[in-house]
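# Observations on the three-dimensional arrangement
Now for the letters of each chain:
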Amino acid sequence: TQLLEQSPQFLSIQEGENLTVYCNSSSVFSSLQWYRQEPGEGPVLLVTVVTGGEVKKLKRLTFQFGDARKDSSLHITAAQPGDTGLYLCAGEHSSNTGKLIFGQGTTLQVKP
Amino acid sequence: EPEVTQTPSHQVTQMGQEVILRCVPISNHLYFYWYRQILGQKVEFLVSFYNNEISEKSEIFDDQFSVERPDGSNFTLKIRSTKLEDSAMYFCASTRYRAKNIQYFGAGTRLSVL
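All values reported here derive from a predicted model rather than from experimental measurement.

## Observations concerning the sheet that holds strand β8 (residues 75-79) of chain B
All names here are of chain B. A sheet is described by the order of its strands in space; here four strands give the open sequence β1-β3-β8-β7, paired in antiparallel fashion. Whereas interior strands pair on both sides, the edge strands pair on one side only; in this sheet they are β1 (5-7) and β7 (65-68). The mean inter-strand angle of the sheet, taken between neighbouring strand axes irrespective of direction, is 20°. Here β7 pairs with β8 via four bridges, running antiparallel. Paired with F65 across the two strands is I79, which belongs to β8.

## Here's the deal with the side chain of T82 of chain B
Of note, T82 of chain B is situated in the loop between β8 and β9 (88-95). Sequence-distant contacts of T82 of chain B, defined by excluding residues within four places in its chain, comprise T13, Q14, M15, G16, Q17, V19 and V113 of chain B.

## Re the sheet that holds strand β8 (residues 71-76) of chain A
All names here are of chain A. Judged by pairing direction, the sheet is antiparallel, and its five strands sit side by side in the order β1-β3-β8-β7-β6 without closing on themselves. With one partner strand each, in any of the chains shown, β1 (5-7) and β6 (55-58) form the two edges of the open sheet. Averaged over all adjacent pairs, the angle separating strand axes in this sheet is 15°, with direction ignored. One ladder, built from six bridges, connects strand β3 (residues 19-24) with β8; its direction is antiparallel. Within β8, the residue paired with L19 across the bridge is I76.

## Here's the deal with the interface of chain B and chain A
Contacts between chain B and chain A engage 19 residues on the former and 24 residues on the latter. Taken over both partners, the interface formed by chain B and chain A buries close to 1,800 Å², and the fraction arising from carbon and sulfur atoms is 56%. Inspection of the region where chain B meets chain A yields one salt bridge. For E56 of chain B, the salt bridge identified is with K99 of chain A, shortest N-O distance 3.3 Å. Between the two partners, chain B and chain A, sit five residue pairs in polar contact (both at pLDDT 80 or more). Mapped onto the side of chain B that touches chain A, the elements with two or more residues apiece are β4 (31-37), β5 (44-50) and β6 (53-57) of chain B. Considering every element that reaches the side of chain B that touches chain A, the biggest residue donor is β4 of chain B, with three residues. Of the residues contributing to the side of chain B that touches chain A, the split by class is nine nonpolar, six polar and four charged.

## What to know about the nonpolar core
Ranked by internal contacts, the top residues of the largest apolar core, which has 22 residues, are W34, L46, F61, V67, F75, L77 and Y90 of chain B. Going through the elements one at a time, β3 (19-24), β4, β5, β7, β8, β9 and β11 (109-113) of chain B are the ones with two or more residues in this core. With near-sequence residues (within four places) excluded, V67 of chain B lies in contact with W34, V47, F49, I54, F61, F75, T76 and L77 of chain B. Core analysis: the next-biggest nonpolar cluster, separate from the first, contains 21 residues, L4, I13, V21 and L74 of chain A among them.

## A few points about the state of the cysteines
All names here are of chain A. Under the defined criterion, the tally for this structure stands at two disulfides over all chains. Across the disulfide, C23 is cross-linked to C89 (sulfur-sulfur distance 1.8 Å). Since a negative S-S torsion denotes a left-handed disulfide, the C23-C89 link at about 65° is right-handed. In this pair, C23 is assigned in strand β3 and C89 in strand β9 (residues 85-92), connecting sequence segments 66 residues apart.

## A closer look at the confidence of the model for chain A
Low-pLDDT stretches of the model should not have their predicted coordinates read in fine detail. Per-residue confidence for chain A gives a mean pLDDT of 93, with 99% of residues at or over 70. Averaged pLDDT values for the elements of chain A fall to 92 in strand β5 (residues 44-49) of chain A and rise to 97 in β3 of chain A.

## Some thoughts on the pattern of salt bridges
A full pass over the atoms with the stated rule returns five salt bridges over all chains. With its nearest N and O atoms 2.8 Å apart, the salt bridge here joins R36 of chain A to E38 of chain A.

## Quick notes on the packing of aromatic side chains
For any pair of aromatic rings, the description consists of the separation of the ring centres together with the inter-plane angle of the planes. Inspection of the entire model under this criterion finds 13 aromatic pairs over all chains. Look at Y33 of chain B and Y35 of chain B: their rings are 6.3 Å apart centre to centre, the planes differ by 35°, and that puts the pair in the tilted class. Take Y33 of chain B: its relative accessible area is 0%, and that puts it in the buried class. Consider the rings of Y35 of chain B and F45 of chain B, whose centres lie 5.8 Å apart with planes at 70°: the pair is edge-to-face. Pair noted here: Y35 of chain B is in strand β4 and F45 of chain B is in strand β5, with a separation of 10 residues, a long-range link. Relative accessible area serves as the criterion here: at 0%, Y35 of chain B is assigned to the buried category. Here the aromatic cluster, defined as three or more aromatic residues joined through ring pairs, consists of Y35 and F102 of chain A together with Y33, Y35, F45 and F105 of chain B.

What counts, and where the lines are drawn
Residues numbered from 1 in each chain as written. Chains lettered and ligands numbered in written order. Predicted model: local features only at pLDDT ≥ 70, side-chain atom pairs only at ≥ 80, totals over all residues. Heavy atoms only, no water. Pairing = 2+ DSSP bridges. Helix = DSSP H or I, 4+ residues; strand = E, 2+ residues; numbered from the N terminus. Axes fitted to C-alpha atoms, helices over the stretch in contact; angles between N-to-C directions. Contact = heavy atoms within 4.5 Å. Buried area = accessible area lost by both parts, 1.4 Å probe. Salt bridge = Lys/Arg side-chain N within 4 Å of Asp/Glu carboxyl O. Polar contact = N/O pair within 3.5 Å; in protein donor to acceptor, adjacent residues only side chain to side chain. Nonpolar A, V, L, I, M, F, W, Y, C, P; charged D, E, K, R; others polar. Core = buried A, V, L, I, M, F, W, Y, C linked by side-chain atoms within 4.5 Å. Buried < 20%, exposed > 50% of the residue type's maximum accessible area, 1.4 Å probe, protein only. Disulfide = S-S within 2.5 Å. pLDDT = per-residue confidence, 0-100. Phe/Tyr/Trp six-rings, centres within 6.5 Å; stacked < 30°, edge-to-face > 60°.

And the structure:
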């Protein structure tokens, strides 16, 4: 069974601070995606990482895929109140049907 | 921008009743999925669907569940006899390519079983 452990589950920081969210597994994923989910809405894709060691940047967000494609991180620089929300990582399962395995999610609160 | 649409946004039903949750995937997408999220828990895979048949289903997707793409645009999830524990948000997703796919999610249907 492929599992993704996401940490921390909750994070409350002040505006301007940096933070990192981690997504770890003992299994290899062919790709890993990061989503953001607002209350009452579906997950919205932020980025997909595919290659081991890959780093992608989206403004103040930096996403990294581990060399062995078992883990990933999301780093936010100079967090702003608008970054508040639920962040989800999801790995593409090795069954190759496109099935996504989700982590538990990280609820981020950025206080002004 | 194309999007996945789901209806209804909220469905309330009595235990034992049948419900059908509807989804309209993005028009040129070929792979379709249902996920659910029980309140406070992680998003869980239910089923994947391609070429008019199920590709994979989870343990949750027992014989009370079925999926259908009746007319080439809608993609439905039917729960034949709902149980209290079926109460959850149900998300439909679609993608054009299976490998290294980018799945687009609908806003979800909140199912409340009383």
